[in-house]
Amino acid sequence: MNDTQAPLDVYTFGPAWDIPVLTASPFGVKLITWLRMQDLPHRVHVENNPGKGPKGKCPWVMVDGQALGDSEMVIETIKQRRGIRTDTGLTPQQLALATAVRLMLEDHFHQVWEHELFIFDGGWKRAYEFFDQLPPGVRVLVRNVARSALRKQLHARGVGRHTHEQIVQMGIEDLDVIETLLGDGPFFFGEEPRDIDATVFGFLSLTYWTPSESPVWANLRSRRALCDYCERIRERYY
Ligand SMILES: N[C@@H](CCC(=O)N[C@@H](CS)C(=O)NCC(=O)O)C(=O)O
């Protein structure tokens, strides 16, 4: 089946904490924001079990009857199959910068974010509310198992081996990079949103609008340009 008009079905974690975006997954926000930037019809389905996805992670998308995982691979596949060209006019250096920034957020800041929301006690105080979407009978068990699995995962990925203070420093350095590169905006590469804005918004928005007592959260909220950026993209696409 290759019905280019059919809405794309997106499966991702549900929202929590009254966030103004549709999912508590930064990769989910990235993907949904990108679909909205391209005006591609889509339906968002709450699925809190990443094990159901083809890569064992949220989000995933049904594209032409096939379940595809990994936000970036999904975007690349949709572009290819729908003949969509994005980021036209950007220089090779800008495209390379976008890739470097995306990987910094997805492979580094994501670990800081997960640690400071779900492992650091000042985040977990409220982060556990994410699991309130689950049926009461399994809620406590799932949230304890999920937190313990995440702790092990972050140790294996690397960031979980550092102290809270070191992790905070790492997160603030990432925010320095984003703030410097964003400059006066309004978007990452100037007047119009580009693909990289979907990723930047995915991570900044879920730091700006989620509750954690982490100094990384306070640091982001003290940066006017980053807060305005979140509000601007929310107004435009949500
Ligand atoms: N590279 C993947 C990363 C997806 C990812 O890490 N998703 C997280 C949620 S934000 C997840 O499913 N975590 C649950 C787990 O690892 O069990 C993408 O771009 O989609």
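Reading the values: rules and limits
- Residues numbered from 1 in each chain as written.
- Predicted model: local features only at pLDDT ≥ 70, side-chain atom pairs only at ≥ 80, totals over all residues.
- Heavy atoms only, no water.
- Helix = DSSP H or I, 4+ residues; strand = E, 2+ residues; numbered from the N terminus.
- Buried < 20%, exposed > 50% of the residue type's maximum accessible area, 1.4 Å probe, protein only.
- Contact = heavy atoms within 4.5 Å.
- Areas by Shrake-Rupley, 256 points an atom, 1.4 Å probe, with all protein chains shown as cover.
- Lys, Arg positive; Asp, Glu negative; His and termini not counted.
- Charge placed at Lys NZ, Arg CZ, Asp CG, Glu CD.
- 1 Å grid on protein atoms, 1.4 Å probe; cavity = no way out; pocket = protein on both sides within 12 Å on 5 of 7 lines; lining within 4 Å.
- Points joined across faces, edges and corners; volume = space filled by probe spheres on them.
- Nonpolar A, V, L, I, M, F, W, Y, C, P; charged D, E, K, R; others polar.
- Domains from an automatic or database assignment.
- Axes fitted to C-alpha atoms, helices over the stretch in contact; angles between N-to-C directions.
- Parallel < 35°, antiparallel > 145°, perpendicular 65-115°, else oblique.
- Left-handed = near helix turned anticlockwise from the far one by under 90°.
- Phe/Tyr/Trp six-rings, centres within 6.5 Å; stacked < 30°, edge-to-face > 60°.
- Near = heavy atom within 4 Å.
- Polar contact = N/O pair within 3.5 Å; in protein donor to acceptor, adjacent residues only side chain to side chain.
- Sits in = over half its atoms within 2 Å of the grid points.

## Concerning the overall build of the chain
Helix and strand content of the chain: nine helices and four strands. Listing each helix as α and each strand as β along the chain from the N terminus yields β-α-β-β-β-α-α-α-α-α-α-α-α. Over its C-alpha atoms, taken along the principal directions, the chain stretches across nearly 45 × 40 × 30 Å. Sorting the 238 residues of the chain into buried and exposed places 52% on the buried side. At a minimum sequence separation of 6, the contacts of the chain that also span at least 24 residues come to 70%. In the structure as shown, the chain presents an accessible area of about 11,100 Å², 51% of it carried by carbon and sulfur atoms. Once the 27 positive and 31 negative side-chain charges of the chain are each reduced to a mean point, those two points are 5 Å apart.

## A word on the layout of surface pockets
Considering only enclosed or pocket space, the largest pocket measures out at about 1,000 Å³ in volume. What lines the largest pocket is a set of 38 residues, and nearest its centre among them are Phe-13, Pro-50, Lys-57, Glu-114 and Gln-153. Put simply, the parts of the chain that give the lining of the largest pocket at least two residues each are helix H1 (26–37), helix H2 (71–82), helix H3 (92–119) and helix H5 (136–157). Taken together, the residues that form the lining of the largest pocket break down as 20 nonpolar, eight polar and 10 charged. Per-domain counts for the lining of the largest pocket show at least three residues from each of domain 1 (8–82) and domain 2 (92–237). Counted as a void, the second largest pocket has a volume near 240 Å³. Along the wall of the second largest pocket there are 15 residues; nearest its centre are Glu-72, Lys-79, Asp-87, Arg-102 and Asp-195. There are two domains that each give the lining of the second largest pocket at least three residues, and those are domain 1 (8–82) and domain 2 (92–237).

## Observations regarding the packing of H1 against H2
Look at H1 against H2: their axes get within 10 Å of each other, and the N-to-C directions meet at 15°. Taken together, the axes of H1 and H2 are roughly parallel relative to one another. Judged by the twist between their axes, the crossing of H1 over H2 is right-handed. In this structure, H1 uses Phe-27, Lys-30, Leu-31, Trp-34 and Leu-35 to contact H2, whose residues at the interface are Ser-71, Glu-72, Val-74, Ile-75, Ile-78 and Lys-79. For the contact of H1 with H2, the residue count by class is seven nonpolar, one polar and three charged.

## Details of the packing of aromatic side chains
Aromatic ring pairs are described here by two measures, namely the spacing of the ring centres and the angle between the planes. Inspection of the entire model under this criterion finds 13 aromatic pairs. A ring pair is formed by Tyr-11 and Trp-60, whose centres lie 5.5 Å apart and whose planes are at 10°; its orientation type is stacked. Placement of the pair is Tyr-11 in strand E1 (residues 8–12) and Trp-60 in strand E3 (residues 60–63), with a sequence separation of 49 residues. According to the relative accessible area criterion, Trp-60 is buried, its value standing at 5%.

## A look at the site of the ligand
Taken together, Phe-13, Ser-25, Pro-26, Phe-27, Pro-50, Lys-57, Cys-58, Pro-59, Asp-70, Ser-71, His-110 and Gln-153 make up all the residues around the ligand. Within the backbone of Cys-58, an N or O atom sits 2.8 Å from a nitrogen atom of the ligand. Asp-70 places a side-chain nitrogen or oxygen 2.9 Å from a nitrogen atom of the ligand. Starting from 520 Å² of accessible surface for the ligand in isolation, the protein chains cover 80%. Assessed atom by atom at 2 Å from the grid points, the ligand resides in the largest pocket. Its residues assigned to classes, the shell around the ligand comprises six nonpolar, four polar and two charged.

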